[in-house]
Each structure stands twice: as structure tokens, then as C-alpha cells.
Amino acid sequence: MKKILIIGATSMIAEATARLWAQRGCRLYLIARNEERLNSIAADLKVRGAESIHFASFDLNDFERHEAAIDEAIEALDGIDIVLIAHGTLSDQKSCEQDYNLTLQELNTNAISVISLLTPLANRFESQRHGSIAVISSVAGDRGRQSNYIYGTAKGAVTIFLQGLRQRLYESGVHVLTIKPGFVDTPMTKGFKKGLLWVSSETVAKSVIKGVDRKQDVIYVPWFWKAIMTIIKGIPEAIFKRISL
Amino acid sequence: MEFHGWGRYPRIEADASFPLSPNQCASVVRNADNLITRGLGRSYGDSSLAPRLLDTRYLDHFLDFDEITGVLTCAAGISLDAILRLFVPRGWSLPVTPGTRFVTLGGAIASDVHGKNHHIEGSFGDHVISIELLLGNGERVIVSQTEKPELFNATCGGMGLTGVILSANFRLKPIRSSSIIETTIKASDLDAILAAFEENAGVTYSVAWIDCLARGRQLGRSLLMLGEHSEEGPLSVKATRSLSVPFDMPTGLLNRSAVQAFNMLYYGKTLHYRQSRLVHYESFFYPLDILANWNRLYGKPGFVQYQFVLPISAGSDGLRDVLERIAASGRGSFLAVLKAFGKGNANPLSFPHGGFTLALDFKAEPAVFQLMDELDKIVIGYGGRLYLAKDARMSEATFKAGYPAWQEFEEVRCRYHAIGKFSSIQSRRLGLQ
């Protein structure tokens with residue numbers, strides 16, 4: 001029975017993943033902001049088979065509380081085997097271009113808060129010498145594009161942070177998984193017209209579980225995004241700057 | 001965004017909200033008029049269509065389960081599929097299920113759906129213990145047979161017109177196996193099938209496929225499918241994979257000859273008068289779910305389903321009149337399903353009442369609408385009525401004649417702040433406020 005901490009637990013991807021872990025009888029601790037929804041999710045995961053469920057609700061932009069919240073979670077779980085970090089907002093690129101404060105807020109939510117959480121968590125995993133750290137990044141972090149480079153900057157920072165962390169923790173036998181979803185149909189993306197490239201959060205959840213089980217390093221979800229991003233990353237800057245992407 | 005029901009007729013542009021919690025539902029309701037709740041959109045016509053929609057897709061949580069009594073509490077947006085997936089391996093099944101498992105709990109209650117066991121176990125609402133309902137004034141109330149029973153009864157079968165169903169609890173049915181013992185009986189004409197239903201009234205599940213293009217001496221020839229839960233075998237759920245119809249089929253595909261050929265083969269493949277086999281519950285209850293988007297078979301114009309019930313007093317004459325009229329029109333339906341209902345319940349808008357129900361699909365085209373208007377006259381003449389969850393076109397007069405308790409329904413809606421708040425394109429067409 002695994003002891004799992006899920007941060008940003010009300011995100012659709014986190015919830016779908018938690019359901020699969022619950023069905024395996026895992027012990028879960030959830031952190032997110034919306035307490036009403038957390039209540040429903042906790043009840044749901046219990047019925048689905050989770051061994052036990054605890055949760056705490058607070059705003060993850062309140063960095064001061066990170067360390068204490070993690071301590072509380074690990075105590076309630078009586079240890080920790082897996083952490084999944086899944087919170088985030090889809091930045092409004094156009095508004096951010098007009099207002100640096102908005103940009104800062106987006107970077108805080110999507111990058112700095114993740115780094116703040118991973119600092120005590122990484123030390124904990126390093127000293128216990130086992131476990132998995134799984135973080136939702138994004139294909140948007142692979143290359144800056146005019147349509148969403150603020151979000152991309154944050155996710156790119158997370159991706160690079162995780163690359164370094166993976167190398168550092170390899171010695172201690174701790175697994176670090178970077179998850180890069182493409183277009184996922186969730187409330188965060190409800191304003192978009194959905195096409196063939198879109199997948200459900202259940203699809204992403206299955207890949208996350210597989211990535212953790214098999215101790216993969218970086219996964220694109222679905223897999224074809226790896227090919228798409230390889231092509232996009234391969235375009236020379238001199239040409240790339242002329243494309244509207 | 002464009003929305004339509006399962007029949008893909010009619011289609012409308014609507015503005016949808018996707019609330020994440022009951023509190024968000026309350027704020028949607030406070031800030032909108034003339035809205036209707038929508039689950040998985042499996043009602044066929046326009047019951048879940050309105051300019052403003054409250055989509056319950058993110059309210060898909062199990063809330064509580066009592067392993068001793070089998071009482072399950074869920075938020076309204078959970079699908080019957082999700083319930084089966086989790087609970088069949090634990091030895092529990094649904095007390096009542098419609099012909100698809102891709103409906104939500106809220107939708108199953110709002111349409112008071114029935115299944116192949118109606119003659120013994122009633123409709124879905126008969127197994128619901130209590131409902132948490134969000135009223136038009138934003139208030140959340142619990143309704144049951146003892147608390148606000150008139151609102152509870154109006155909500156079961158009330159097509160979402162009394163408020164937003166937030167959650168409900170109901171009793172699951174214990175099972176020993178996920179297998180069903182299926183027995184098929186061949187009936188050569190209408191009298192034979194009606195007699196077969198009567199002879200097998202004690203069997204838990206029964207439904208008949210009827211060849212609605214057969215005429216003369218063969219009028220009403222059918223295959224009666226009976227089922228009982230097996231006592232032995234595994235408790236398993238099949239893999240999720242289903243085939244899908246990738247695009248709209250050409251509209252001429254399901255023409256008269258194709259349906260006639262299909263019907264002949266289908267009837268003919270059952271060689272013996274009576275044969276039995278063991279089948280998985282999914283193939284017994286949900287034969288069509290294997291083909292996701294089967295609604296595309298009817299092509300771009302979409303289709304309408306016509307389901308009516310005739311009281312026992314109509315005898316076989318009523319069914320004969322309808323079948324003769326359809327056979328004469330040549331607009332047969334692939335899927336014509338006949339079923340004997342048990343007694344109805346006290347809900348003002350619930351569809352089932354004692355007698356026989358027949359369900360047919362027709363491609364949505366002008367001649368078919370004319371045919372259905374004629375069928376309405378026959379059905380109402382015999383004291384029958386049409387199923388609201390399938391309807392896309394019946395007139396106000398047909399509705400009010402078939403559902404004499406509609407005024408009682410309106411009084412309850414008025415008392416509980418539903419008028420002006422909740423309405424669908426269907427409810428407006430039917431003359432409800």
C-alpha cells in the first residue's frame with residue numbers, strides 16, 4: 001500500500017490519477033484550495049477503495065505554509081512513497097503582456113510554488129533514499145511561442161528544475177518523473193475548440209500511473225507529442241520567429 | 001457551442017456552464033433563467049436542450065457506500081457505467097438500468113428510466129431513497145417519500161424541471177455473478193409474442209425485438225429475450241474498448257430494403273423455438289453500447305425515437321393498429337423494441353404504466369413527422385402516452401392528454417420556485433411554464 005501526497009488535488013489530471021491510486025487501495029493525502037470540491041473528491045476516493053484519505057485546503061501561493069503543510073501530510077500518511085504535483089493555471093498571455101504583476105503571479109503559481117514545494121520534499125526523499133516525485137509540466141515548456149510564452153516560461157522552468165533534480169536524486173535511488181501533457185480537455189481549457197489532438201484527463205492519468213510504476217524519466221502524453229515537439233524544437237530560430245504559433 | 005440530444009435532432013446553440021461543486025451550481029442557478037440541467041446528453045430529443053445549460057460532467061463523485069445495505073450515494077453527474085465498473089466486481093449491480101449505461105444518475109432519475117425488469121422491479125425512481133435538490137431560489141433541500149414527497153415524486157421523471165438534482169442515494173442490487181442466463185423465444189406473430197410475455201411474467205428481465213416491417217400473418221413477429229442473473233461465474237467488467245462510427249453515414253444507408261434484409265436475417269438466425277446461453281451482463285443489457293456513436297448511422301439529419309405505452313385495456317388491437325400503420329408506411333426501424341410494463345408509480349410525469357410499450361427509431365424527415373402525428377392519434381385514442389426522454393416533436397395537446405397529472409406537476413413547480421427558472425425547449429413546446 002503506497003503513501004501518496006497529491007498537491008493541486010482538485011486539478012482534473014490529479015483527480016483522475018488519484019482515482020486509479022484509490023482503486024489500488026493506496027493511502028492518500030490531498031492538498032488544494034477549493035475545500036468544497038476537496039470534500040467531494042475525498043469522499044469519492046474513499047468509496048473507490050483508498051485505504052485512508054486526509055486533506056488540507058489552502059492557497060499554494062501562500063509559500064510560507066509549504067513546509068509545515070508537507071510535514072503534516074507526511075505525518076498523516078506515516079511516511080511518503082510518491083508525491084504528485086499538479087496544480088497550475090493557464091495564463092492569459094495577452095493580459096500578461098500588458099501587466100507585469102499578472103506575469104509575476106502566473107510565474108509564482110506555475111513555477112516558483114512548485115520549486116518551493118520541491119525543496120523540502122526533495123530533501124526528505126533524498127534522506128529516505130526511495131520514492132517517486134511526479135510533476136505535471138507541459139509541452140508548452142519545450143519552446144517559447146508567442147501565443148503562450150508566459151505559461152511556457154513557467155513550465156520550462158519546472159522542466160529544467162526537474163532535470164537537475166533527477167540527476168541529483170539518482171544517487172539516492174529517488175525517481176523523478178516529468179509529465180508533459182499536450183491538449184487536455186479540462187475546466188482549465190474550456191474556452192478552446194476541441195479537435196483530434198485533445199485527450200481526456202483519464203488518458204493522462206493512465207500515463208502518469210504507468211510513468212511512476214515503470215520509473216520513467218520524461219513522458220509526453222499522448223506519446224505523439226514527443227514527435228511533434230521534436231520537430232518544433234528542431235526549427236531554426238531564424239525561421240521559427242517568422243511563424244505564427 | 002452547439003448541442004443536441006442522442007438523436008442529433010434538433011441542434012441548438014447554447015451557453016453552457018460546467019460547475020465544479022454544488023455551490024457553483026447554486027450561483028449558476030441564481031444568475032440564469034430558463035436553464036436546464038444536462039448530463040451525458042442521452043435523452044434523444046430536446047429534453048436536455050435550452051439556451052442556458054448546466055452541465056453536470058464534473059459532479060461525478062461517489063459520496064458514500066454502505067456495504068451492509070448496499071445503499072450508494074453519488075453526485076448527480078456520475079454515469080451508470082462508472083457505478084457498474086466499480087461495483088460489479090464487488091458483487092453489486094444496478095436495481096434498474098436503461099438500454100445504455102452512458103447516462104448519468106441525475107438523468108436516470110429525471111427521466112425515471114425503466115429497464116427490462118420493469119414488470120417486476122419498477123422504474124429507477126422506485127429505488128431512490130432521497131435526492132438533494134437545488135431549487136430555483138438557490139436553496140438546497142433533501143426530498144424523499146417522507147420529506148416533501150410531492151416534490152420528490154415530481155422530480156423523479158420531472159425532466160429536470162423541478163430543480164437541479166445534486167446528489168441522490170439508492171439501493172444497489174446484490175449479484176453473485178456478472179453473467180446473465182439469456183433465453184430467446186421465437187414468436188411468429190403479435191398474439192404469440194403477447195402470450196409469451198404473459199407466460200414469462202415471472203422472469204426478471206424480458207424484452208422483445210419486433211420486426212416492424214412484417215405484415216399480414218407475420219405482423220408482430222418477434223424474438224423475446226429473457227434473462228436471469230446467473231448464480232455462478234465471475235464478477236467481471238469488460239474492457240472499455242468499443243467500436244465507433246467515425247463519421248455520419250450516408251443518409252440512404254438505412255433504407256427500407258436494408259432494414260428488411262436485416263430483420264429477416266436477425267429473425268432467421270434464431271433457429272429454435274427456444275434457446276438459452278450464458279452471456280455477460282454488458283451484452284445482455286447494453287447491446288448497442290458496443291458501437292459508440294451508433295446515432296451517426298442515421299446520417300446528418302439525425303433521427304427521432306418514438307416510444308409509447310398503451311394500457312392493458314387496449315389489448316392487442318392497439319398495437320396491431322400502430323404496427324399496421326408503420327408497416328404500411330414502409331418506414332421501418334432497425335430497432336423496434338417491445339416490452340411489457342408492470343404497474344406505474346405516483347410520479348406525475350413518469351412514463352411507465354401497466355401495458356405494453358413499443359420503441360422505434362425513424363430518420364428525421366418530413367414524411368416521418370407526419371407519420372408520427374398519425375401514430376399519436378392512435379396512441380392517445382387508446383389511452384396511451386409517449387416517453388418524454390425520447391420525444392423531440394409531440395404537440396402540447398398530445399402531451400397533456402397522455403399526462404393528465406401535468407397540472408399537479410405545475411403546481412409543485414410553482415410552489416418550489418421552478419417556474420421561469422428551469423425550462424427546456426421540450427418543456428416550452430409542451431406548454432409547461
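K.L.:
Give a description of the pairing of strand β21 (residues 355-363) of chain B that names residues and reports values.
P.N.:
Residue and element names in this part refer to chain B. Among the 9 residues that make up β21, 9 are buried, leaving the element largely enclosed by the rest of the structure. Both strand β20 (residues 337-341) and β21 contribute to a ladder of 5 bridges, which runs antiparallel. Bridge pairing in β21 links Leu 338 to Leu 358.

K.L.:
So, the interface of chain A and chain B: which residues are in play, and what are the values?
P.N.:
With 11 residues of chain A in contact, the opposing surface of chain B contributes 12 residues. Within the side of chain A that touches chain B, the residues separate by chemical class into 4 nonpolar, 2 polar and 5 charged.

K.L.:
Can you lay out helix α1 (residues 22-30) of chain B for me, pointing to particular residues and giving the numbers?
P.N.:
Residues and elements named next belong to chain B. Of the positions making up α1, those classed as buried are Cys 25, Val 28 and Val 29. Down the axis of α1, the buried set is contained in an arc of 95 degrees. They therefore lie on one face. Buried residues belonging to α1 abut β3 (15-17), β5 (52-55), β9 (128-134) and β11 (164-171).

K.L.:
Describe in detail the pairing of strand β4 (residues 82-85) of chain A, supporting the description with residues and values.
P.N.:
Residue and element names in this part refer to chain A. Neither face of β4 is left uncovered, since the one carrying Ile 82 and Leu 84 and the one carrying Val 83 and Ile 85 both have all their residues buried. In this sheet, β4 lies alongside strand β1 (residues 3-7) in parallel orientation, the contact comprising 4 bridges. In the sheet register, Ile 6 faces β4, and the bridge partner there is Leu 84. Examined bridge by bridge, β4 and strand β5 (residues 132-136) share 4 bridges and lie parallel to one another.

K.L.:
With reference to specific residues and values, describe the sheet that holds β3 of chain B.
P.N.:
Residue and element names in this part refer to chain B. Within the open sheet, the 3 strands sit side by side as β3-β5-β4. Their pairing is parallel. Across the chains shown, the open sheet's two edge strands, defined by having one partner strand only, are β3 and β4 (35-38). If you compare each strand with its neighbour and ignore which way they point, the axes differ by 30 degrees on average. Sheet analysis places β3 next to β5, joined by 3 bridges and oriented parallel. Pairing of Ser 17 across the sheet is with Leu 54, part of β5.

K.L.:
Would you mind going over the sheet that holds strand β6 (residues 62-65) of chain B in detail, with residue names and values included?
P.N.:
Residue and element names in this part refer to chain B. Judged by pairing direction, the sheet is antiparallel, and its 5 strands sit side by side in the order β6-β7-β11-β9-β10 without closing on themselves. One side of each edge strand has no neighbouring strand; the edge strands of this open sheet are β6 and β10 (140-144). Strand-to-strand twist of the sheet, defined as the mean angle between neighbouring strand axes without regard to direction, takes the value 15 degrees. Pairing of β6 with strand β7 (residues 71-75), which is carried by 3 bridges, proceeds in the antiparallel orientation.

Calculation criteria
- Think of each chain on its own: its residues are numbered from 1, step by step along the sequence as written.
- Chains and ligands are labelled by the order in which they are written, letters from A for the one and numbers from 1 for the other.
- Local features in a predicted model are, by the rule used here, given only for residues with pLDDT of at least 70; side-chain atom pairs are given and counted only at 80 or more, and totals for whole chains, interfaces and linings are based on all residues.
- With C-beta atoms placed from the backbone, a residue is buried if 20 or more other C-beta atoms are within 10 Å of its own, exposed if 12 or fewer are, and partly exposed between those counts.
- The secondary structure listing takes helices from DSSP runs of H or I that are at least 4 residues long and strands from runs of E that are at least 2 residues long, numbered from the N terminus.
- Strands were regarded as paired on the criterion that DSSP finds at least two bridges between them.
- Throughout, a residue-residue contact means that the two C-beta atoms, derived from backbone geometry, are no farther apart than 7 Å.
- When residues are grouped by polarity, Ala, Val, Leu, Ile, Met, Phe, Trp, Tyr, Cys and Pro land in nonpolar, Asp, Glu, Lys and Arg in charged, and all others, Gly among them, in polar.
- As used here, the arc is the angular range of directions from the helix axis to the C-beta atoms.
- Helix axes are fitted only over the stretch in contact, all axes being lines through C-alpha atoms; the angle between N-to-C directions runs from 0 to 180 degrees.

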